[in-house]
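Overview (structure and organization)
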Amino acid sequence: MIEKNIREIVSNILEDYGMERTIDKIDIFNQPDKQEVVNIISGLLQIVFPGYYWDKTNKIYNIAHKLSGKVEDTVYHLNKQIGRALHFAPEYSQEEDISGKSQMITAEFFRRIPSVREMLETDVQAAFQGDPAAKYKEEIIMSYPGFYAVTVNRLAHELFLLEVPLIPRIMTEYAHSVTGIDIHPGATIGKYFFIDHGTGIVIGETAHIGDHVKIYQGVTIGALSTRDAEKLKNKKRHPTIEDNVTIYAGASILGGGTVIGENSVIGGNAFITSSVPEDTRVNMKNPELNFKQRTFGC
């Protein structure tokens, strides 16, 4: 019976843990807790969208009192997770340094929330104006996966700019797992950004996206090559999309030197590895369709 083999199985796995590889690390108290980061996202959504994500079991008689409690709780947990993440930054070797820095970063992040909310309001406007199926702006906030992914990304991007290790990527990869939309927290995204449908979209770390850009499902804004990845770190590997560009479903735009000029339209399934001038429409030539009458046996 399998029960008789448990001791041997455990012994073998424990021996394997002793190999001192990355996957063997057991120090769980000096690294971020993924589930805690997911809970922090939930708290941030309540702060950013007070009319949409509040716990409905509690009546809001005093919004200031309610907000104060939610901010205090989220600040506490985010500060704790940032402190754990800073152990991965070699410049912070002392616990006193980590404690002070995590508090500074946490406070600065929360100071930026009004500016993030301002950007998100433009994203709501872009979705409402860009999607004829949107009947209500509230519908966008409550149900659009693209808007959810962009919201988490805009929050994570601020932590990325504040040089917080690990946590921004945990946040955006959680949004990726929920929505199927993969946006690296390092990507720079302008105002009035709209993702329509969204599933399968990939936007790389060094992508730069301007204002009033609309992207459909299955679009990749990616790197031209990832060979010799170590040499590519901290270099621009992903395209620049200028203002007022629309990119239709399935298009791939690759390379750090690739610039899509403003007011351009990229057609579905286009594969682009070089720059496109402004005011340009790029379309795949329609494939030849072959129609053959079906025949049925008697």
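Everything that follows concerns the structure shown earlier in this document.
First, a word on what this report is: a plain description of the structure on this page. (Residues numbered from 1 in each chain as written. Predicted model: local features only at pLDDT ≥ 70, side-chain atom pairs only at ≥ 80, totals over all residues. Heavy atoms only, no water.)

Focus: the pattern of salt bridges
Taken as a whole and judged by the stated rule, the model has eight salt bridges. In this structure, R21 and D16 form a salt bridge, with 2.9 Å as the shortest nitrogen-oxygen distance. Overall, R21 belongs to the partly exposed group, its relative accessible area being 34%. For the salt bridge of E108 with R111, the shortest nitrogen-to-oxygen distance reads 3.4 Å. With E108 and R111 both in helix α4 (residues 95–111) and three residues apart, the pair spans about one turn of that helix. A single network of salt bridges, built from pairs that share partners, joins E108, R111, R112 and E158. (Salt bridge = Lys/Arg side-chain N within 4 Å of Asp/Glu carboxyl O. Buried < 20%, exposed > 50% of the residue type's maximum accessible area, 1.4 Å probe, protein only. Helix = DSSP H or I, 4+ residues; strand = E, 2+ residues; numbered from the N terminus.)

Points about the sheet that holds strand β3 (residues 194–196)
Taken together, five strands build an open sheet; the order of strands is β3-β6-β9-β12-β14 and the sheet is parallel. Looking at the sheet topology across the chains shown, the edges are occupied by β3 and β14 (281–282). Bridge analysis of strand β9 (residues 246–247) against strand β12 (residues 265–266) gives two bridges, and the strand direction is parallel. Considered in β12, the bridge of T246 is made with V265. (Pairing = 2+ DSSP bridges.)

As for the side chain of D131
Residue position: D131 is located in the loop between α5 (113–130) and α6 (137–143). Buried and without a salt bridge, D131 has K214 as its closest oppositely charged side chain, separated by 6.6 Å. Polar contacts involving the side chain of D131 include one to the side chain of Y144, which spans 2.8 Å. Setting aside residues no more than four positions away along its own chain, D131 makes contact with Y144, F194 and D196. (Lys, Arg positive; Asp, Glu negative; His and termini not counted. Polar contact = N/O pair within 3.5 Å; in protein donor to acceptor, adjacent residues only side chain to side chain. Contact = heavy atoms within 4.5 Å.)

A look at the sheet that holds strand β8 (residues 240–241)
Overall, parallel pairing links the four strands, which are arranged β2-β5-β8-β11 in an open sheet. Edge positions in the sheet fall to β2 (188–189) and β11 (259–260), since each has one partner strand and no second. One ladder, built from two bridges, connects β2 with strand β5 (residues 208–209); its direction is parallel. Considered in β5, the bridge of T188 is made with H208.

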